[in-house]
Amino acid sequence: MAVYTEIGDEELRAFVALYDIGEVLSCKGIAEGVENSNFLLTTEQGNFILTLYEKRVAPADLPFFIALMDHLAHQGVASPTPVRARDGEALRELCGRPAAIVTFLNGMWPRRIEPFHCAALGAALAGLHRAGASFAMRRRNDLGPAGWRRYYEACAARADEVQSGLAAELGEELAFLEAAWPRRLASGVIHADLFPDNVFFRDREVSGLIDFYFACTDFLAYDLAICLNAWCFEPDGSFNVTKARLLVGQYRAARPLAAAELAALPLLARGSALRFLLTRLYDWLNQTEGALVRTKDPLEYLKKLRFHRGIAGPGAYGIDA
């Protein structure tokens, strides 16, 4: 989450007046994340999240995201539910941008990842995939291999400003992944961005999954690979095999993985690392002056990418085939 667009008091009051959620008591910008402008909106009826959609979110994709959140909530997944205005619409415009209000979920995202977090996440991710199997809409992953190529080309000329030789290394990795990327793995709705700050916990249980604005139709195991990268590396860059074993084990307990999915995990993890490296690199090189946002270090994912290059099979992650 982040804030790129400020909202005037009168604009906010007029917008909220279209909903049956009472008068505005406060509205505070949320600085975490990098994609949209997000606010903690408090009204007479409680807390909500107000989002203005910016940057990588195409307006044509918003009906997919809204419908998916509705579907998952009705399937019992702990996820935000879009709030509809009195005219029945969940999507409107505010400050010249598409906007929506969703319900607020209680809980805290973990600042320090413990093994039990990874176990609970695995079960929650499998539950999301199972619930998504009955969702009829589809959306192509704009940040799949074709999207990586676009971001690479946008960054290549300046990549060596971040680290010498980075452009050449990324170009070689991209060419390899484009040629080797799997074609026939189980597909369905994936979250595609399930980082720790998008998962809320109460005690040791997952209380909410948020920020579905990269959700798409893609390989289910790719979602798992994204989580391996986001949850199973320590602050010093080392890979925690125990966390990976718990994450994948609890996932498999709820949704068994085919042999081909397990075998593809190292490759999918390389692709996941490259995807986040490239988008972080782009944001690092194109920072928005004055935006309330924390730009993330792309080199964190270069280290992860290099680690996965040395993995021969899922056993190196502590995962039994």
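Throughout, residues of each chain are indexed from 1 in the direction in which the sequence is written. With the structure being a predicted model, the display of local features is reserved for residues of pLDDT at least 70 and the display and counting of side-chain atom pairs for 80 or more, all residues being used for whole-chain, interface and lining totals. Excluded from the side-chain calculations are hydrogens and water; all other atoms, namely the structure's heavy atoms, are used.

Colleague: Mind laying out the overall build of the protein chain, listing which residues take part and the relevant values?
Modeller: Each helix is a run of H or I in the DSSP string that is no shorter than four residues. Each strand is a run of E no shorter than two, and both are numbered from the N terminus. Within the protein chain one finds 9 helices and 9 strands. In this description the radius of gyration comes from C-alpha coordinates, and the expected globular size is given by 2.2 Å times residues to the power 0.38. In terms of overall size, the protein chain behaves like a compact globule, its C-alpha atoms giving a radius of gyration of 20 Å where 321 residues would be expected to give roughly 20 Å. In terms of principal-axis extent, the alpha carbons of the protein chain reach across some 55 × 45 × 35 Å. Each residue's exposure class comes from its accessible area (1.4 Å probe, protein chains only) as a fraction of the maximum for that residue type: buried when under 20%, exposed when over 50%, partly exposed otherwise. Counting over 321 residues, the protein chain shows a buried share of 55%.

Colleague: Can you explain the packing of helix α3 (residues 115-132) against helix α7 (residues 241-254)? Please cite residues and give values.
Modeller: To obtain an axis, a line is fitted to C-alpha atoms, over the contacting stretch when the element is a helix, and the angle between two such axes runs from 0 to 180 degrees between their N-to-C directions. Two numbers describe how α3 lies on α7: the axes approach to 7 Å, and their chain directions differ by 30 degrees. If you check the angle between α3 and α7, you find them roughly parallel. In this structure, α3 meets α7 at a crossing whose hand is right-handed. Along the contact surface, α3 presents P115, C118, A119, L121, G122, A123, L125, A126, H129 and R130, while α7 presents K243, L246, L247, Q250, Y251 and A254. A per-class count over the contact of α3 with α7 returns 11 nonpolar, 3 polar and 2 charged. By the definition adopted for this analysis, an angle is roughly parallel if under 35 degrees, roughly antiparallel if over 145, roughly perpendicular if from 65 to 115, and oblique otherwise. By convention, the crossing between two helices is left-handed when the near helix turns anticlockwise from the far helix through less than a right angle, and right-handed when the turn is clockwise. Contact criterion: two residues are considered in contact whenever any of their non-hydrogen atoms come within 4.5 Å of each other. Any residue that is not Ala, Val, Leu, Ile, Met, Phe, Trp, Tyr, Cys, Pro, Asp, Glu, Lys or Arg is counted as polar, Gly included; the first ten are nonpolar and the last four charged.

Colleague: I'd love a proper account of the pairing of strand β3 (residues 46-52), names of residues and values included.
Modeller: Here β3 lies mainly inside the structure; 5 of its 7 residues are buried. Relative to β3, strand β2 (residues 37-43) is paired through 7 bridges, and the arrangement is antiparallel. If you follow N38 over to β3, its bridge partner there is T51. When β3 meets strand β5 (residues 97-103), the two strands line up antiparallel, connected through 5 bridges. Among the inter-strand pairings, L52 is bridged to a residue of β5, identified as A99. Strands were regarded as paired on the criterion that DSSP finds at least two bridges between them.

Colleague: Please set out the packing of aromatic side chains residue by residue, giving values where relevant.
Modeller: Planes of paired rings set the category: under 30 degrees apart is stacked, over 60 is edge-to-face and the rest tilted, where pairs are Phe, Tyr or Trp rings (Trp by its six-membered ring) whose centres lie within 6.5 Å. One pass over the full model with this rule turns up 16 aromatic pairs. Ring geometry for F233 and F239: centres 5.0 Å apart, planes at 70 degrees, overall edge-to-face. Of the two residues, F233 and F239, neither departs from the other in class, the shared state being buried. Comment: the charge-over-ring label is applied if NZ (Lys) or CZ (Arg) is within 6 Å of the ring centre and within 35 degrees of the ring normal. The side chain of R111 reaches across the aromatic face of W109, ending 4.0 Å from its centre. Geometry around F195 places K296 over its ring, the cationic atom sitting 5.7 Å from the centre.

Colleague: Lay out the pairing of β5 in plain terms, naming residues and giving numbers.
Modeller: The pairing of strand β4 (residues 92-94) with β5 spans 3 bridges and is antiparallel. By the bridge assignment for β5, L94 is matched with R97. Hairpin connection between β4 and β5: a loop of 2 residues separates the two successive antiparallel strands, and C95 in this loop has a positive phi of roughly 55 degrees.

Colleague: Account for the environment of E11, naming residues and giving values.
Modeller: As for its position among the elements, E11 is in helix α1 (residues 9-16). On a C-alpha basis, the gap between E11 and V162 in space is 40 Å, while along the polypeptide they are 151 residues apart. For E11, the residues in contact, after removing those within four places along its chain, are L94 and C95.

Colleague: Go over unusual backbone geometry with me, naming the residues and quoting the values.
Modeller: A positive phi angle, close to 75 degrees, is found at A192, a residue other than glycine. Here A192 lies in the loop between β6 (187-190) and β7 (199-202). When its relative accessible area of 5% is taken as the criterion, A192 is described as buried.

Colleague: Which residues make up the sheet that holds strand β1 (residues 24-29), and what are the values?
Modeller: Strand order in the open sheet formed by 5 strands is β1-β2-β3-β5-β4, with antiparallel pairing between adjacent strands. The two strands at the open ends of the sheet, each matched to only one other strand, are β1 and β4. Neighbour-to-neighbour, the strand axes of this sheet turn through a mean angle of 35 degrees, independent of strand direction. Relative to β4, α1 is tilted by about 165 degrees, and along the sheet it contacts β1, β2, β3, β4 and β5.

Colleague: Break down the pattern of salt bridges for me, citing the residues and quoting the values.
Modeller: When a carboxyl oxygen of Asp or Glu lies within 4 Å of a side-chain nitrogen of Lys or Arg, that pair is called a salt bridge. Tallying each qualifying case throughout the model produces 20 salt bridges. Salt-bridge contacts for E54 lead to R97; the nearest nitrogen and oxygen are separated by 2.8 Å. Of this pair, E54 sits in the loop between β3 and α2 (62-74) while R97 sits in strand β5, and the two are 43 residues apart along the sequence. Overall, E54 belongs to the buried group, its relative accessible area being 9%. Across the pair E173 and R309 runs a salt bridge, and its minimum N-O distance is 2.9 Å. With a gap of 136 residues between them, E173 in helix α5 (residues 166-180) and R309 in helix α9 (residues 299-309) connect regions that are remote in the sequence. For R309, a relative accessible area of 31% translates into the label partly exposed. Bridged by salt links that share partners, the residues E169, E173, R270, R306 and R309 form one connected network.

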